Structure formats: C-alpha cells, structure tokens
Amino acid sequence: MIRSTFSAPLVAAAMVFAGTHAGAQTPTKMKMTTDIPPEITTPGSIATRLGTLKLFDGFPDEATTQMVYDNLDFQRGVQTFLIGMPGVSLVAMRAGFKKLGAVNGNILVFEDRLDSKALFLTGNTDSVYFSTWLDLKNGPLVIESPPKVLAFLDDFWFKYVADIGNAGPDKGNGGKYLVLPPGYKGEVPEGYFVARSHTYNLWLMGRGFLVDGSSKPAAESIKKNLRIYPLAQAKDPPATRFISASGVEMNTVHANDFSYFEELNQIVQEEPSESLDPESLGLFASIGIAKGKPFAPDARMKKILTEAAAVGNVTARAISMRPRAKETYFYPGSAWFNTMPGGNHEFLSQPGVRDADMRVLFHYFYTGITPAMVAKMVGIGSQYVSATTDSQGKGLDGGKTYKMHLPPNVPAKDFWSFTLYDNQTRSMLQTDQRFPSVNSTKKGIVTNTDGSIDVWFGPTLPQGVNAANWAQTVPGKGWNALFRLYGPLQPWFDKTWRVGEFELVK
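I will try to describe carefully the structure that is included in this document. Quick caveat, the model's predicted, so the values are computed rather than measured.

## Focus on the overall build of the protein
Tallying secondary structure elements over the protein gives nine helices and 26 strands in all. By principal-axis analysis of the C-alpha atoms, the protein measures approximately 90 × 65 × 40 Å. When the 506 residues of the protein are sorted by exposure, 50% land in the buried category. A separation of at least 24 residues holds for 73% of the contacts in the protein among residues at least 6 apart in sequence.

In structure tokens:
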C-alpha cells in the first residue's frame, strides 16, 4: 500500500528531474547515443481505462503514480477475493458450526436430511449428512468411522486430506483414523489409518444413504458408530455428542462485502504459513493481510477493498453461473455444465497448471474436495451437472414456469434427482416445500407411457400436473438447479442418454 500523499524527497526529486529537462523536446545527442528500439520506451501520455497516464521521459508524475498504485491495490484485492475463496468458505463453515456447538466431539447429524432452512452451499436433500469441525491444536484426534458412509477430511484451505468410508482405506467397513497436526513428531501408534494435515483446523463431512427412501437406518448407524476423541484419551474415550440439525437455521456461507477480507485474515493468522504457497500469501500480504500483523486498512485502502470485494463477487458469479469456456458444458449447446470441469480435484488443467476459473466456479457454489467426487465409476457413487439458464440461455426466473423432459431409461442404478437453489445464497431455494426437489424416490411421481418423465418448475402447480412431478419456485427470485445421478450407468458417461433442457412454458 502507499500513502495518499508522497514523501517530500520523492516530490522534490521529481521536480528536480523535470526542471533539469524543462522545455527539452528531444534529448541532446551525445557521443555514446545509439538508436533506442521504440518498443522498450514509454510515451509521455498514454490513454488507458484508468485515465490518461502522464510521464516525463519515462518518469511517472505524481497523479499517475497514485493512479496506478490505487489500481494495483484494487487488482490485488480482486485477486485476493478469488484466490482466497476456498479458505474463506471454510471460515464461514466453522462460524456456522460453532454457533451450534459442532466442534471436535460434537457432531451435526441431519437425521431427517438437510432442508432449505440451512444456508449451506448446494447441499442435497437425498443423503443423511453428518459433519463437524476439528481442531488439532491440542494434538492428534481419532475418528471412528461408521460403515457404509462416504466421508472426507479437508484442511482449512479446503485442500484434500483423506477419504473415509466407501472411498477410503476402510472400504466402507468402518475403521479408526488418526488425524495428525502440522509438523507432528510424536509416536504414531499402530491400528489406525493415518491422515496428516497441513493445517490445525479441518472440516469433516460425510453422508449415509437412504434405504428404501428412509433416512432412519443411516442415521442410527452414524449415531451408533461414529466417534471422535483425542488420541490422548483413546484408552477411555469421552462420549460423542450428536446435534440434530434437520430443520435448523444456520449460515455457513461466506461474506461478499469488505468483511470477506476480515474472514480471510482469520485463517492467515491461525495457520502455519507453510500450509499455503508463498505466492498466495504474498498476494494477501500486499493488501495488508499478513501473519502476525493486524489487518487495519486506512480509509483509502478500505474504500479500494470494498470495491474490490464487489467486483470480485460479481466476477465469481459470472464464472460460476455463466462460464465462458466451451469445454465446461456437458453437451454442446446445452445449459448443463460440469461443476468440476477437467475431472481434477486440484483444478489442474495439466500437470503443474492450475485453472483459476474452474477453482472459482467450484468454490463459489459448491463444497467438498476429494478425488472421489470426480471418479467415474459405472454404477457406483454419483455424478451431477448444474444449470443456471433455460434452453434459450436466459436466467431461470422464479415467476415463470418451465418443463423438463427426461427420456426413457434414466441411467441411474439407484435414483436421480433435481434440487433447486437460490441464486443469491447458492443454498436450497426456500419455498413452501421443505425439500425443493423432484426425484425418482418421491411417492406418486408419474411416468409417461413410453417410460419418459416430465418434470415441472414454477411458482404454482400447473393445471393437470401431478404434484410429485413439480418443484416450486419463488416470483421475483432467480434460481438454478443440480441434476444428480446416484449409481450412474454407462449411457451417462458416453452421453448416449441426455437430460433435457429447461423449456419455458408460455
């Protein structure tokens, strides 16, 4: 950052330099003068989007210097918003969990599924979630995993640490995991699956699965078998407390204004600098967010960062809701796009090359980093695509009615679902329906005589349409949707079966 006024020596030097050359049109040719390539020089006046930049023989004047420094701080503020997003997303997650007491041995369990009262990025209505926040500052923690769950650990920068359950080393049979803090040098006892974290704070997220449409068996198994406790107390583990979270209001979504930078400062102060790359930490430090130092921007810098947050937020929304890369879209000319394009949980477009836009696309809307999310296994796990527009490329409007056609033989061994989300919160759309979704497990859903299915989306139930085939929307509010397949079959992967588009009903 620079101050709003320059030091007297700098101003004096500029005046002396300018005075020395006052009135000179072209430099005097001297004995050692050679022809200077024009491309390495800088004109005295340059028209830019910032305004006109003025220099004397390559030396920027005071107003130009202030202008470009303001712009540099603004650019760095925008990039900090985009690059710091994974960590800030989990700062918000922790804040929401702490309000409910869900830390270490206390675990949120959504016994009757996650519903639209929770502000939680693109959660689904078809799983039995369990989750908690872990803190390793007092030493290693033990996690006893239930059988038949899909779970993972992500560190505070939202980097993958370990899979637990079906995709983990216990292979869904349940097992004991030992989670070690950064730089741990102590003894590592036998009998555990070991996970090492680069941060002291971690997020545990997992899900059990419905059995014949019921969440009860999974919820009971989770509460019976899931345990978290310090390694130091492994011989006499304390009781695990479960907090019922279905139907509970909570906010786990990060800020989109200046306070975003205050959220980012929390993680920078708490975690070892070694937990993130020097380039990113250097970027954050350039706007005043540096470990061991107070984040206290002056009025000039706060104004710049407030605007940077606004532009960063809208940039993230454009990337996440109107992606411009053609390869992002699942089908040519379709509204449906991949949420993790490229199939890499580290967002690498090639070895050693990060796709910055794809990382933003994912982290602004979605949660959970694990290789299991991009694994393409026929009949196993899940696959999903997102849509924010109708078949004509226009944003989905909660005051209008849309029809979606699913061809026969939906390629899902288990079931399929549509879930609706609020464009503002990226969380479940809050309507009169507790679960804003339509899925194949819904009782009474009507199938056409040829095996195809029509699904409707709108503010009111269209005349003659079966209620189970309809999801409600809200007039005056935009929305988007995820289409999920559980147990996806080969026609999904080879795209011989294609999900329909949102067709506006006039």
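## Details of the sheet that holds strand β25 (residues 479-488)
Read across the open sheet, the five strands follow the order β16-β19-β25-β21-β22; overall the sheet is antiparallel. Edge positions in the open sheet fall to β16 (337-338) and β22 (437-439), since each of these has one partner strand only. Both strand β21 (residues 412-422) and β25 contribute to a ladder of nine bridges, which runs antiparallel. Its bridge partner lying in β25, F415 is registered against Y486.

## Some remarks on the environment of D73
By the element assignment, D73 lies in helix α2 (residues 62-83). Given a relative accessible area of 2%, D73 falls into the buried group. Of the polar contacts made by the side chain of D73, one reaches the side chain of R300; its length is 2.7 Å.

## Some thoughts on the packing of aromatic side chains
Under the counting rule described, the total for this entry stands at 32 aromatic pairs. Seen from their ring centres, F365 and Y366 are 5.7 Å apart, and the 45° between their planes marks the pair as tilted. In terms of burial, F365 and Y366 fall into one category: buried. Each member of the aromatic cluster is reached from another via a ring pair, and the members are F330, Y331, W336, Y402, W416, F418, F457, W479, F483, W492, W497 and F502. Its end group placed over the ring of Y384, R484 keeps NZ or CZ at 5.6 Å from the ring centre.

## Details of the pattern of salt bridges
Summed over all chains, the structure comprises twelve salt bridges. Between R300 and D70 there is a salt bridge, with the nearest N and O atoms lying 2.8 Å from each other. Placement of the pair is R300 in helix α7 (residues 299-321) and D70 in helix α2, with a sequence separation of 230 residues. Look at R300 and you get buried, because its relative accessible area is 16%. A relative accessible area of 26% means that D70 is categorised as partly exposed. Beyond isolated ion pairs, a larger network of salt bridges with shared partners links R94, D135, K137 and E270.

Reading guide: rules and limits
Per chain, residue numbering runs from 1 following the sequence as it is written. Residues qualify for local features only when their pLDDT is at least 70, as the model is predicted, and side-chain atom pairs are given and counted only at 80 or more; totals for whole chains, interfaces and linings, by contrast, use all residues. Hydrogens are left out, water is left out, and the side-chain values use all remaining heavy atoms of the structure. Labels follow the DSSP assignment, with helices taken as runs of H or I lasting at least four residues and strands as runs of E lasting at least two, numbered in each case from the N terminus. With a 1.4 Å probe rolled over the protein chains alone, any residue whose accessible area is under 20% of its type maximum counts as buried; one over 50% counts as exposed, and the rest are partly exposed. The contact definition used throughout considers only heavy atoms, calling two residues in contact when any of these lie within 4.5 Å. Whether two strands pair depends on DSSP finding at least two bridges between them. Identification of polar contacts relies on pairs of N or O atoms within 3.5 Å, with a donor-acceptor requirement for protein atoms, meaning one able to donate a hydrogen and the other able to accept it, and with residues adjacent in sequence counted only if both atoms are side-chain atoms. Only rings of Phe, Tyr and Trp enter the pairing, Trp through its six-membered ring, and a pair is recorded when the two centres are within 6.5 Å. The plane angle decides the type: under 30 degrees is stacked, over 60 is edge-to-face, the rest tilted. In this analysis the charged atom, NZ for Lys or CZ for Arg, is taken to sit over a ring once it is within 6 Å of the ring centre and within 35 degrees of the ring normal. By convention in these notes, a salt bridge is any Lys or Arg side-chain nitrogen within 4 Å of a carboxyl oxygen on Asp or Glu.

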